Amino acid sequence: MANPFSSIVNQYLGPKPKFSESPYVRLLDLKLKPYYIVASVEVGNTTTKCILTATNLEDGKTSLINKTIKMTRDVRSPKPDEEIFGRTLTGVPLTRESVSELVSKTLFESVKSANLNVKEDLHFVVRSTGVVAGFDSSDEVGHFVKALADGCMKAGVPPVKMIPAMSIDNVTTRFRKFSLIEKIVFNGAVGGVLPPIGASGLEIVANEMEGELATAGIKEGAKWTGIDFRNPCLSIDFGTTLDGRITNDETPYASTIGNFAGYAGAVPDAIIQGTHLVDEKLGTALDLFDNKPIGMLTWTRQSKRIKEYSSKIHELISIEVVPDNINRYGSVPVNPGSAKEIGVTLIGCDVGKNGSDLKQLSLIGSEIYEKHGLKTLFAIVDMVCAKMAIRLLKVAVDEDLVTERTAIGFTGRAAITGCKPKLILSQIEKLNLFDSPQKHVAFVDDGLARGAAVMARCMNSLGTPKNPLGGSRDGKCVLGLRMKLQGGQLDESDMKKMMSRDTQSGSMS
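Residues numbered from 1 in each chain as written. Predicted model: local features only at pLDDT ≥ 70, side-chain atom pairs only at ≥ 80, totals over all residues. Heavy atoms only, no water.

*Asks:* Whenever I open this one, the overall build of the protein confuses me. Can you help?
*Replies:* For the protein, the helix and strand inventory stands at 17 helices and 17 strands. Here the protein holds 509 residues, and the buried ones make up 60% of them. Of the contacts made within the protein by residues no fewer than 6 positions apart, 75% connect residues no fewer than 24 positions apart. Carbon and sulfur atoms form 49% of the exposed surface of the protein, whose accessible area is close to 20,300 Å². (Helix = DSSP H or I, 4+ residues; strand = E, 2+ residues; numbered from the N terminus. Buried < 20%, exposed > 50% of the residue type's maximum accessible area, 1.4 Å probe, protein only. Contact = heavy atoms within 4.5 Å. Areas by Shrake-Rupley, 256 points an atom, 1.4 Å probe, with all protein chains shown as cover.)

This is the structure in structure tokens:
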């Protein structure tokens, strides 16, 4: 990687990253306009969130209503008669009952804070989890998702609001005029991408659903940046664990040709734990980070040390195509054999073997903090995370999974906070993949929540053909092709009604 000094000069003088931050929507607008309200319930290794989003079905853009965030480590302890079915990366024990209680409280609090009613105002709920390290196989993640469903129902969510609509009668009356369910049915594709053919995502990598949601969420979030994030695309979610997808540009549905798995935010967490300013086992970078990027003065004065320490840390980090002979990589259950059979490349990030060297990162973090202080430590963390992103991208390029047409997107705390976006973009520019990287690279907040909003719409065929997520970049409308695939046809007059004269063509879901 280039000298940090030159990287920071590029950061301030070079192309500016395109960052998506959705505006909040007013309660009055929720009542007056056709907003489809979705609750994204996420139980991660670090945080448990309920994020309420509202999508205007007239233009397909998603806004935020409310965020409620709790630390997963604060989940109550298991009771004597409860079965522990999983643990977070830091070893926090989880039971079906404790998880459901945490989810119920978080969801109810979020809806109440937004002055909404669970039964009357929520239109759909999507559950997801990144807590996969404590499972022995990918299939066991399904049990966790059931615990999430228990919590949602305890909060008052009807089961029908967590499953796809079977007919137009199952779509809320207010939104039936926006639904295409009588023309095309949900076939598992979200954001125009089919899950791996021949196997469910869970059989390939345990957190495939998170990768699916992150990809869809980045597609939606990129609309606020002006970037066409249809297929082909590469999405990376840098939460505590790593997930994401690479797609091709097949039509009418793209296929998943790559998946990411392993460690992401767990790397800076381990480094920060060495400072002893946070809990040595449960502490995270979030506990200290104040959301202010490190200033130029630190980068210029400490550039040599930043380069040396970031290189030293990366000597402990493996980023590669996941080997065929293992069933867990970076703590995440994987099935490389099954992936290989259906043409999906797994790319992983590990520290030692399944995190065996995370403690070494803490020792390095301790040394940096004692000798050079917290600002230099956070600058090094930014550089380490940026280099992780570039190494992952390089592996994908080397495997011929990325072309000059591929859109690239990042979400998650270890990719979009601090100086990381600018560092990442400056390094992508040096890869010479694109003439203008800023036209191809997007940084998106709340990728999973945005993806949940997209998934909910896809499950109910609530597409916006005039402002698409699916299809190919700069391509034609694919709605007709999808209908033909399902044995139907699109009347020309119907198409004219759905498509406005001056908007992009394509289709949703």
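*Asks:* It is not clear to me how the sheet that holds strand 3 (residues 47-56) should be interpreted in this structure. Could you clarify?
*Replies:* The strands that make up a sheet are held in pairs by hydrogen bonds between backbone atoms, and each pair lies either parallel or antiparallel. What the four strands build is an open sheet, ordered 4-3-2-7; its pairing is mixed. The open sheet terminates on both sides in strands that have one partner only, identified here as strand 4 (61-71) and strand 7 (124-129). On average, each strand axis in the sheet is inclined to that of its neighbour by 15°, with strand direction left out of account. In this structure, strand 2 (residues 35-43) lies alongside strand 3, joined through nine bridges in antiparallel fashion. (Pairing = 2+ DSSP bridges. Axes fitted to C-alpha atoms, helices over the stretch in contact; angles between N-to-C directions.)

*Asks:* Explanation requested: the environment of Gly-217 in the structure shown.
*Replies:* Structurally, Gly-217 can be placed in helix 6 (residues 208-221). The exposure class assigned to Gly-217 is buried, which follows from its relative accessible area of 0%. Sequence separation of Gly-217 and Asp-445 is 228 residues, and the distance between their C-alpha atoms is 8.9 Å. Not counting residues within four places of it along the chain, the set of residues in contact with Gly-217 comprises Val-444, Gly-447, Arg-450 and Gly-451.

*Asks:* Could you clarify how one ought to interpret the pattern of salt bridges in this entry?
*Replies:* Pairing of side chains with opposite charge becomes possible as their charged atoms draw close. Taken as a whole and judged by the stated rule, the model has 18 salt bridges. A salt bridge links Arg-26 to Asp-29, with the shortest nitrogen-to-oxygen separation between them at 3.2 Å. Under the relative-accessibility criterion, Arg-26 is labelled exposed at 51%. Among the charged side chains, a network of salt bridges with common partners joins Arg-76, Glu-82 and Glu-101. (Salt bridge = Lys/Arg side-chain N within 4 Å of Asp/Glu carboxyl O.)

*Asks:* It is not clear to me how the pairing of strand 10 (residues 241-247) should be interpreted in this structure. Could you clarify?
*Replies:* Each regular strand displays side chains that alternate between the two surfaces of the sheet. Of all the seven residues making up strand 10, seven are buried; the element is thus mostly covered by neighbouring parts of the structure. The two faces of strand 10 match: Thr-241, Asp-243, Arg-245 and Thr-247 on one face and Leu-242, Gly-244 and Ile-246 on the other face are all buried. Between strand 9 (residues 233-238) and strand 10, which pair antiparallel in sequence order, lie two residues. Taking the residues that link successive antiparallel strands as the turn, the strand 10-strand 11 (residues 254-263) hairpin has six residues.

*Asks:* Help me out: how do you make sense of the pairing of strand 15 (residues 345-351) in this one?
*Replies:* Of all seven residues in strand 15, seven are buried, a share of seventy percent or more. Alignment of strand 12 (residues 317-321) against strand 15, held across five bridges, turns out to be antiparallel. If you follow Glu-320 over to strand 15, its bridge partner there is Gly-348.

*Asks:* How should the nonpolar core be read in this particular structure?
*Replies:* Considering soluble globular proteins, one finds that nonpolar side chains tend to be buried as a cluster. Of all hydrophobic cores here, the largest spans 62 residues; its most connected members are Leu-234, Phe-238, Val-267, Ile-317, Phe-410 and Ile-424. Take this core: its biggest share by element is 16 residues, from helix 12 (residues 374-398). Leave out the neighbours within four places in its chain, and Leu-234 touches Phe-229, Arg-245, Ile-246, Phe-260, Leu-393, Ala-396, Val-402, Thr-406, Ala-407, Ile-408 and Gly-409. Counting 48 residues, the second-largest nonpolar core is a separate cluster that includes Val-43, Ala-54, Val-125 and Val-141. (Core = buried A, V, L, I, M, F, W, Y, C linked by side-chain atoms within 4.5 Å.)

*Asks:* Even after reading the chapter, I still don't get empty space enclosed by the protein, so can you show me in this structure?
*Replies:* Think of a ball as big as a water molecule: rolled over the atoms, this probe shows where empty space is left. Going through the model one piece at a time under the given rule, you end up with two cavities of 30 Å³ or more. What the second largest cavity holds in volume is close to 100 Å³. Lining the second largest cavity are Pro-268, Ala-285, Leu-286, Phe-289, Phe-378, Val-381, Arg-413, Ala-414, Thr-417 and Lys-420. Partitioned by chemical class, the residues of the lining of the second largest cavity number seven nonpolar, one polar and two charged. (1 Å grid on protein atoms, 1.4 Å probe; cavity = no way out; pocket = protein on both sides within 12 Å on 5 of 7 lines; lining within 4 Å. Points joined across faces, edges and corners; volume = space filled by probe spheres on them. Nonpolar A, V, L, I, M, F, W, Y, C, P; charged D, E, K, R; others polar.)

*Asks:* Help me understand the layout of surface pockets in this model?
*Replies:* As a volume, the largest pocket reaches approximately 1,100 Å³. What lines the largest pocket is a set of 42 residues, and nearest its centre among them are Lys-49, Gly-412, Arg-413, Ile-416 and Thr-417. Those elements that provide at least two residues to the lining of the largest pocket are helix 1 (4-13), strand 2, strand 3, strand 4, strand 10, helix 13 (413-416), helix 14 (420-430) and helix 15 (447-459). Within the lining of the largest pocket, the residues separate by chemical class into 15 nonpolar, 15 polar and twelve charged.

*Asks:* So what exactly am I meant to see when it comes to the packing of helix 6 against helix 15 here?
*Replies:* Interaxial distance between helix 6 and helix 15 falls to 6 Å at its minimum, and their mutual angle equals 90°. Classified by the angle between their axes, helix 6 and helix 15 sit roughly perpendicular to one another. Touching Met-209, Glu-210, Glu-212, Leu-213, Ala-214, Ala-216, Gly-217, Glu-220 and Gly-221 of helix 6 are Gly-447, Leu-448, Arg-450, Gly-451, Ala-452, Val-454 and Met-455, all from helix 15. Partitioning the contact of helix 6 with helix 15 into residue classes produces eight nonpolar, four polar and four charged. (Parallel < 35°, antiparallel > 145°, perpendicular 65-115°, else oblique.)

*Asks:* In this structure, what is going on with helix 14? I would like to understand it.
*Replies:* Count 3.6 residues to each turn of an α-helix, and residues three or four apart come out pointing the same way. Most of helix 14 sits out of view: eight of its eleven residues are buried. Turning to helix 14, its buried residues are Lys-420, Pro-421, Leu-423, Ile-424, Leu-425, Ser-426, Gln-427 and Ile-428. With its phi angle positive at about 60°, Asn-432 sits one or two positions after the end of helix 14.

*Asks:* What exactly am I supposed to notice about the packing of helix 9 (residues 303-314) against helix 12 here?
*Replies:* Between two packed helices, the angle of one axis relative to the other and the distance separating the axes together describe the packing. Packing of helix 9 against helix 12 brings their axes to within 9 Å, and their N-to-C directions diverge by 50°. On the basis of their axis angle, the class for helix 9 and helix 12 is oblique. Both helix 9 and helix 12 take part in a crossing whose hand is right-handed. Together, Arg-305, Ile-306, Tyr-309, Ser-310, Ser-311, Ile-313 and His-314 of helix 9 and Ala-379, Ile-380, Met-383, Val-384, Lys-387, Met-388 and Arg-391 of helix 12 make up the contact between the two elements. By residue class, the composition of the contact of helix 9 with helix 12 is eight nonpolar, three polar and three charged. (Left-handed = near helix turned anticlockwise from the far one by under 90°.)

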